[in-house]
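Descriptive structure summary
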Amino acid sequence: MTEANATTEDATAGHTAISIAGGGSVLRPLKAAEVVARAVVRTIRSEGLQTGTSLPSEAEMLRHYGVSRESLREGLRLLEVQGMISIRRGPGGGPIVGTVDSANLGRMEALYLHLAGATYDELFEAWVFAETTLAGMAAANPDDEARKAAMAPYIDGHVDDVVHDDLDVYMSGHEGFHGTVAALANNRVFQVTFRSYGQIVAHHLAMIGDVTLIHQELVDDHLKLARVISKGDAGKASALMNQHLTRVLALNRAQLGSLLDGDVEWI
Ligand SMILES: [Zn+2]
């Protein structure tokens, strides 16, 4: 592992990446803003608050948590960046409960990958590993009814059968299938962390690529995947997912070429 942790030269740009630390920051003391962010999250969980629910006003939170206005706002901002809350500005505004979204984890992760000098090849390797694992786990889910119900819309062709002109809509549709597969894997740790790789890839492609060119092939892939996951064939599901992503990667390489030779960008 010493080699991986050593400072590495970025051959393409001649810039030196930052070496990955051994994890010594685990016991770093929390700042006041981080403490209040955790307190807000504890409140959300203990009261079972759902996405879209209003949180108490700033005045109430200041009284309740006993911190400075600056620390409270900084703490809320930390949660806002992660999408865990959103803050409506102006009169009648205030914080509301957000979502748990791997896309936000992916954005944070991309920062780490960029500074560490990780390459797109490394990202794609992790993505294929993650998605093939999730597909196998989804097919191995012992709940027959859950598998069939989750995959039915893709088999019936009602979901992503439309070629979208709008890349955003297209990407969210494509990611929706992969998100559904990940949910069937029945392990929230894998679901959140493994999906973040796909979210980084999706975000990058939405910014610089065009996967709409092979839309129909991807939809056909999803249909085949949905069938084998519905049947519960884990080995076939992993193999098909691997083929599917290989196809997506081949297109990206053809389109993006040398862009993919550099380090993962933080965009
Ligand atoms: Zn797909």
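It should be emphasised that the depicted structure is a prediction, and the values quoted were computed from it without experimental measurement. (Residues numbered from 1 in each chain as written. Predicted model: local features only at pLDDT ≥ 70, side-chain atom pairs only at ≥ 80, totals over all residues. Heavy atoms only, no water.)

1. Observations regarding the nonpolar core
- If you look at the biggest cluster of nonpolar residues, it comprises 34 residues, and the most contacted ones within it are Phe-124, Trp-127, Met-151, Phe-177, Val-181 and Ile-229.
- Of all the elements in the fold, those that place two or more residues in this core are helix H6 (120–139), helix H7 (144–155), helix H8 (167–184), helix H9 (188–208), helix H10 (215–231) and helix H11 (234–256).
- For Met-151, the residues in contact, after removing those within four places along its chain, are Phe-177, Thr-180, Val-181, Leu-184, Ala-226, Ile-229 and Ser-230.
- Membership of the second largest hydrophobic core comes to 14 residues, among which are Val-36, Met-61, Tyr-65 and Val-97. (Core = buried A, V, L, I, M, F, W, Y, C linked by side-chain atoms within 4.5 Å. Buried < 20%, exposed > 50% of the residue type's maximum accessible area, 1.4 Å probe, protein only. Helix = DSSP H or I, 4+ residues; strand = E, 2+ residues; numbered from the N terminus. Contact = heavy atoms within 4.5 Å.)

2. Re the packing of aromatic side chains
- Scanning all chains against the criterion turns up 6 aromatic pairs.
- Both rings, one in Phe-124 and one in Trp-127, keep their centres 6.3 Å apart while their planes meet at 50°; by these two values the pair is tilted. In this pair, Phe-124 and Trp-127 are both assigned in helix H6, 3 residues apart and thus about one turn of the helix distant. Side by side, Phe-124 and Trp-127 carry an identical accessibility label, which is buried.
- Pairwise contacts between aromatic rings join Phe-129, Phe-190, Phe-194 and Tyr-197 into one cluster. (Phe/Tyr/Trp six-rings, centres within 6.5 Å; stacked < 30°, edge-to-face > 60°.)

3. Regarding a positive patch on the surface
- A cluster of basic residues, Lys-224, Arg-227, Lys-231 and Lys-236, forms a positive patch on the protein surface.
- Among the elements that line the positive patch, the one with the most residues is H10, at 3 residues.
- Its location among the elements puts Arg-227 in helix H10.
- On the accessibility criterion, Arg-227 (42% relative accessible area) is partly exposed. (Patch = residues over 30% accessible without salt bridge, like charges linked within 9 Å, V, L, I, M, F, W, Y side chains within 5 Å. Areas by Shrake-Rupley, 256 points an atom, 1.4 Å probe, with all protein chains shown as cover. Salt bridge = Lys/Arg side-chain N within 4 Å of Asp/Glu carboxyl O. Lys, Arg positive; Asp, Glu negative; His and termini not counted. Charge placed at Lys NZ, Arg CZ, Asp CG, Glu CD.)

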